[in-house]
Amino acid sequence: MPRISQPTLSSVNNTLFLYKYQTKRILARRQPCYQDALCSCRKNFPNIPTEYHITLHTNELDICEGQMTEIAEEMWEDVVGTLKSITVIAEPPEVGSASTSSLQTVARTNATPPIPVEASMATIRLTVASICGNQNETFDIWEHARFSELMEMYSIRMGYGPHALLEGYRLISRGMQLSLDDTPASRYMLDGDVIHLIYRLRGGKPVIYLLSPSLVEASVKLALAPQWDFSAIYPVVSIEKAVEQAHHREVTWRVQTQPNGDLKELITGLDVAYLFWEAHTNPGSAAPKVSNTGEGLIEAFNPNAAVLNDDNSVVLPVSKITPYLDRALYALGLHTEARTSFITYWLPSILKHDNIAFRFLPQASYEQAAPLIVSPTPDVVSRVFMVFQGVSDEEVSRWTKATAKVEEDVSFWEDVVGIDRKRTMDASLFRVVEWGGMEVLRPSSS
């Protein structure tokens, strides 16, 4: 008879966690995410009133000096791995706060009927807020209605069509990401809660070349600001919590350059043409601030709300975009393979539109969102990142400066980005060249 393997003590200890509330103790799964831990408390202690505010406490850490101490949300990931248990404290809302209002009220000024209408069931008033578009709408809905129904109502009210906002967007409330299949009841939402509608923007295929006439063994560390989260990297190495407080996550590759431009990644042993990374926006983070250097102000690039306007962009019909892009990328020092890869990667997204508004970010602004440290220090670092969006034929008339800018020599992008083209293309130097981009998604009618 085959022997049934048993879990090891270490694996059990890494999984199990003790939740304590009043006189009740529940052994449950350890939750690395703070919001998931709160949901676990709601599930395991159903006698806690839904309107009560839950906080998590411990006295196990030396710094607590034996006193029960509340764990702040931003510290949860740092300490949960060292704890054996937490104490749950639930407190009623303050008198007069929004959370104490009745869940039964439906008839309000400018309120829409609940969806679906269930007079015998509890209803809840929620606001859908679009951070990028500042389009806020309030709805009274049945507490067991799925959020997909709410989003269809919001989409129709905003004139996008019933299904325009069901794909490509994140729903965030009180720091939690909501699923379209969730309901207000399943996520313990309260009357007056706000759901933030965030465009799911993606930094698409930034690739990093290391070019040197001789063999160089280098460390390449890429960090991300809190507005971004890694969604993919290659070669696959561990994604770590960033050391610098201003950053969120970071990866480090160790590579050896080859005279033909190829790389050997020494951690994985893989031979590659370049290093690859991709990121999704993290809508739960604050916007970056404008920096002041000796050379003046640096534009704050916020991946959650990339800015394209008539002053900083170029607008072209799709039929003319590829030759312009090739000339602009050449002016920015990208070699033939890099230009070809750049254009062919983004071409399917570009062809979905009538016209394209785009810009290349100043290298210093991009560096704040995705700082790159290469050791030993290269002779040249050139980072090219494009932000673009579709523009309909009806909208082109609003982009007078951007359409006129097409007639200028593309070399002006060299000054905008801050690239030294001559040195970037100098094969006698140790060079780091990166290209990437991001499409700013907008609702489309259906």
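Cut-offs used in this document
Per-chain numbering applies: the sequence of each chain, read as written, is numbered from 1 onward. Local features in a predicted model are, by the rule used here, given only for residues with pLDDT of at least 70; side-chain atom pairs are given and counted only at 80 or more, and totals for whole chains, interfaces and linings are based on all residues. Values shown for side chains rest on all heavy atoms present in the structure; no hydrogens or waters enter the calculation. A pair of strands counts as paired when DSSP detects no fewer than two bridges linking them. Numbering of helices and strands starts at the N terminus; helices are DSSP runs of H or I of at least 4 residues and strands are runs of E of at least 2. Any two residues whose heavy atoms approach within 4.5 Å at even a single point are treated as in contact. To get an axis, a line is fitted to the C-alpha atoms, and for a helix only the part in contact is used. The angle between two axes follows their N-to-C directions and goes from 0 to 180 degrees. Residues qualify for a patch when their relative accessible area is over 30% and they have no salt bridge, like charges being joined within 9 Å and the nonpolar side chains of Val, Leu, Ile, Met, Phe, Trp and Tyr within 5 Å. The method behind every accessible area is Shrake-Rupley, applied with a 1.4 Å probe, and residues are considered shielded solely by the protein chains displayed. In what follows, salt bridge is the name for a side-chain nitrogen of Lys or Arg lying within 4 Å of a carboxyl oxygen of Asp or Glu. Each Phe, Tyr or Trp ring, with Trp reduced to its six-membered ring, pairs with another whose centre is within 6.5 Å; inter-plane angles below 30 degrees give stacked pairs, above 60 give edge-to-face pairs, and intermediate values give tilted ones. Exposure classes here rest on a 1.4 Å probe applied to the protein chains alone. A residue is buried below 20% of its type maximum, exposed above 50%, and partly exposed in between. Note on convention: near helix rotated counterclockwise from far helix by under a right angle means a left-handed crossing. Clockwise means right-handed. Residue classes follow a fixed rule: Ala, Val, Leu, Ile, Met, Phe, Trp, Tyr, Cys and Pro count as nonpolar, while Asp, Glu, Lys and Arg count as charged, and any other residue, Gly among them, counts as polar.

Novice: So what's going on with the sheet that holds strand 2 (residues 24-29)? Which residues, and what values?
Specialist: As summarised here, the arrangement of the 5 strands in space is 2-1-5-3-4, forming an open sheet in which the pairing is mixed. Each end of this open sheet is capped by a strand with a single partner; those strands are strand 2 and strand 4 (69-70). Strand direction decides the pairing type here: strand 1 (residues 16-21) and strand 2, joined by 6 bridges, are antiparallel. Note that in strand 2 the partner of Leu-16 across the bridge is Arg-29. Across the sheet, helix 2 (residues 34-44) touches strand 1, strand 2, strand 3 (53-58) and strand 5 (85-91), and the angle it forms with strand 3 is around 110°.

Novice: Give me the lowdown on a nonpolar patch on the surface, citing residues and values where you can.
Specialist: Together, Tyr-234, Val-236 and Leu-270 give the surface a local cluster of nonpolar side chains, amounting to about 270 Å² of exposed area. Structurally, Tyr-234 is set in strand 13 (residues 228-234).

Novice: Report on the packing of aromatic side chains, specifying residues and quantitative values.
Specialist: The final tally for this structure, using the stated rule, is 20 aromatic pairs. Arranged with centres 6.5 Å apart and planes meeting at 85°, the rings of Phe-17 and Trp-76 form a pair that is edge-to-face. Remark: Trp-76 occurs in helix 3 (residues 76-79) and Phe-17 occurs in strand 1; sequence separation between them is 59 residues. For Phe-17, a relative accessible area of 0% gives the class buried. According to the relative accessible area criterion, Trp-76 is buried, its value standing at 0%. Between Tyr-345 and Trp-435, the aromatic rings sit 6.3 Å apart at their centres with planes inclined by 55°, giving tilted as the arrangement.

Novice: If you had to explain the pattern of salt bridges to someone new, which residues and values would you point to?
Specialist: By the definition in use, this model includes 11 salt bridges. A salt bridge links Lys-264 to Asp-271; the nearest nitrogen and oxygen atoms lie 3.5 Å apart. Between Glu-434 and Arg-383 there is a salt bridge whose closest N-O contact spans 2.5 Å. With Glu-434 in strand 25 (residues 431-439) and Arg-383 in strand 24 (residues 380-391), this pair connects stretches of sequence that are 51 residues apart. Relative accessible area serves as the criterion here: at 0%, Glu-434 is assigned to the buried category. Beyond isolated ion pairs, a larger network of salt bridges with shared partners links Glu-367, Arg-383 and Glu-434.

Novice: Describe the side chain of Ser-212, naming the residues involved and giving the relevant values.
Specialist: Checked against the element boundaries, Ser-212 lands in the loop between strand 11 (202-211) and strand 12 (217-224). Sequence-distant contacts of Ser-212, that is, excluding residues within four places in its chain, are made with Thr-257, Gln-258, Pro-259, Leu-429 and Phe-430.

Novice: Just give me the short version of the environment of Glu-395, but keep the residues and values in it.
Specialist: Summarising the element assignment, Glu-395 is placed in the loop between strand 24 and helix 8 (400-404). The exposure class assigned to Glu-395 is buried, which follows from its relative accessible area of 17%. Separated by 40 residues in the primary sequence, Glu-395 and Asn-355 have C-alpha atoms spaced 9.3 Å apart.

Novice: If you had to explain the packing of helix 5 (residues 321-331) against helix 6 (residues 336-350) to someone new, which residues and values would you point to?
Specialist: Between helix 5 and helix 6, the least distance of the axes is 10 Å, while the angle of their chain directions is 145°. Once helix 5 is placed against helix 6, the crossing between them reads as right-handed. Contacts between helix 5 and helix 6 involve Ile-321, Thr-322, Leu-325, Asp-326, Leu-329 and Tyr-330 from the first element and Arg-339, Phe-342, Ile-343, Leu-347 and Ile-350 from the second. Broken down by class, the residue content of the contact of helix 5 with helix 6 amounts to 8 nonpolar, 1 polar and 2 charged.

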